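Descriptive analysis of the structure
Okay, here's what each chain looks like letter by letter:
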Amino acid sequence: MDSDSRKRPLDEDSNGGATKRSNQGSEILIDDNVQLKMLVPAIAAGAIIGKGGETIAKLQKDNNVKIKMSKNNDFYPGTNERICLITGKYAPVNEVQQFISEKIHEKPDSNPRAMDGDIKINLERHKQVKILVPNSTAGMIIGKEGSFIRKIQDVSGSFVQVSQKSKDLSLNERCITVAGNKENNNTAVEMILAKIAEDPQSGSCPTLSYAQVMGPVASTNPTGSPYANNNIGTGMNNLNLNSSMRGGNNQQMMRGPQNNVGMALDNMQATLRNSGYTDQATDEICQAMMTLANYNILGMGLGMGISMKPI
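Now for a quick tour of the structure.

Calculation rules
Residues numbered from 1 in each chain as written. Predicted model: local features only at pLDDT ≥ 70, side-chain atom pairs only at ≥ 80, totals over all residues. Heavy atoms only, no water. Helix = DSSP H or I, 4+ residues; strand = E, 2+ residues; numbered from the N terminus. Buried < 20%, exposed > 50% of the residue type's maximum accessible area, 1.4 Å probe, protein only. Contact = heavy atoms within 4.5 Å. Areas by Shrake-Rupley, 256 points an atom, 1.4 Å probe, with all protein chains shown as cover. Salt bridge = Lys/Arg side-chain N within 4 Å of Asp/Glu carboxyl O. Polar contact = N/O pair within 3.5 Å; in protein donor to acceptor, adjacent residues only side chain to side chain. 1 Å grid on protein atoms, 1.4 Å probe; cavity = no way out; pocket = protein on both sides within 12 Å on 5 of 7 lines; lining within 4 Å. Points joined across faces, edges and corners; volume = space filled by probe spheres on them. Core = buried A, V, L, I, M, F, W, Y, C linked by side-chain atoms within 4.5 Å. Phe/Tyr/Trp six-rings, centres within 6.5 Å; stacked < 30°, edge-to-face > 60°. Lys NZ or Arg CZ within 6 Å of the ring centre and 35° of its normal.

Helix and strand counts for the chain stand at ten helices and nine strands. Counting every position in the chain, which comprises 311 residues, the buried fraction comes to 46%. Within the chain, residue pairs in contact and separated by at least 24 positions form 67% of the contacts whose partners lie at least 6 positions apart. Carbon together with sulfur atoms contributes 48% to the accessible area of the chain, which is approximately 16,200 Å² in total.

Laid out in structure tokens, this is it:
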């Protein structure tokens, strides 16, 4: 690769024995730990983990970082993507990020699903980097009147956008989408990572599993609703309505069907709240589902695999 074509926004300096790295207006102590939280499409996760965890173990050992990945099928709400948390020194974390982004790029989804009516977003997912950051870090990345995010785009050549800010509720995190070719994305992420390292609150959201998170979470889409969109209509299996009725004998199901449905409805409540539904709407929907269960409607061709008869 031509050295002139490779954008290198980082310069090193030394101040009082502490090595600093300057990144387009940001200064960070490169000896400090930094935490990077990425989303990884399920299709690419295997290549990152490796057989028996060999690849991810080698990554950790070679770069002296900690890498955590959410469990199989434990996806970020509204997506088929796992959460990856990388913790370590600035430069090694950046190296690992580039490795992960490369593996994502090598695994384009051959059967993407539409999100918010725009399938183009998913068709190009392998050319994107998605990063979750706390609200405070998002503000620093955007900059005053959008000055720093424009700078990232100008320097890197990548599209960079932060998910919409909620007007009514305070979301703990927001999702940054970086889209472009690999080299441009690497430059953009280096600048974003510098802001993450600069923010003392950047490690305040280390959540790896969102299965039990109550309340709405940030959307991974750069436009549209600020909330993650769980597809309630087609994602009933995610609510464990089916699994709640399995695993026991007929006598157990006859004795305790209300308890089984109650557990499923508890799961549904969490999912609805994660999708941005109000408490009132959540209560009304769950009450309606309980009514349908009592009248044996849930087993009548709705694909939910659950049939309840009143006791």
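Moving on to the pattern of salt bridges. Two side chains of opposite charge can pair, provided their charged atoms sit close to one another. Tallied over the full model, the rule gives seven salt bridges. Measuring nitrogen to oxygen at the nearest pair gives 2.8 Å for the salt bridge that ties glutamate 173 to lysine 37. Here glutamate 173, found in strand E9 (residues 173-179), pairs with lysine 37, found in strand E4 (residues 33-41); they are 136 residues apart in sequence, far enough to count as distant. Residue classification places lysine 37 among the buried residues on the basis of a relative accessible area of 2%.

The next subject is the side chain of lysine 130. Summarising the element assignment, lysine 130 is placed in strand E7 (residues 128-134). A distance of 2.9 Å separates a polar atom in the side chain of lysine 130 from a polar atom in the side chain of threonine 177. Sequence-distant contacts of lysine 130, that is, excluding residues within four places in its chain, are made with Lys37, Met38, Leu39, Arg125, Cys175, Ile176, Thr177, Thr220 and Pro222.

Inspection of every chain in the model, using the stated rule, returns two cavities of 30 Å³ or more. Lining the largest cavity are Gln35, Leu36, Lys37, Leu132, Val133, Pro134, Ile196, Ser202 and Cys205. For the lining of the largest cavity, the elements supplying multiple residues, two or more each, are E4 and E7.

Note on soluble globular proteins: their nonpolar side chains tend to be buried together. Counting 39 residues, the largest nonpolar core has Ile86, Ile100, Ile131, Ile176 and Ile192 as its most contacted members. The dominant element in this core, judged by the number of residues it contributes, is helix H7 (residues 182-198), at seven residues. When residues no more than four places from it in sequence are discounted, the contact partners of isoleucine 86 are Val34, Gln35, Leu36, Met38, Val65, Lys66, Ile67, Val93, Val96, Gln97 and Ile100. By size, the runner-up hydrophobic cluster in this structure holds eleven residues, among which are Leu39, Ile83, Val217 and Ala228.

In this structure, lysine 127 sits in the loop between helix H4 (119-123) and E7. Discounting residues that sit within four places of it in the chain, lysine 127 has contacts with His105, Val178, Ala179, Gly180 and Asn185.

Summed over all chains, the structure comprises one aromatic pair. Measuring from ring centre to ring centre gives 4.8 Å for tyrosine 76 and tyrosine 210, while their planes differ by 70°; the resulting arrangement is edge-to-face. Highlighted residues: tyrosine 76 in the loop between strand E5 (66-69) and strand E6 (81-89) and tyrosine 210 in the loop between H7 and helix H8 (250-255), separated in sequence by 134 residues. Exposure remark for tyrosine 210: the relative accessible area of 4% places this residue in the buried category. Note that lysine 195 overlies the ring of phenylalanine 148, its terminal NZ or CZ placed 4.6 Å from the centroid.

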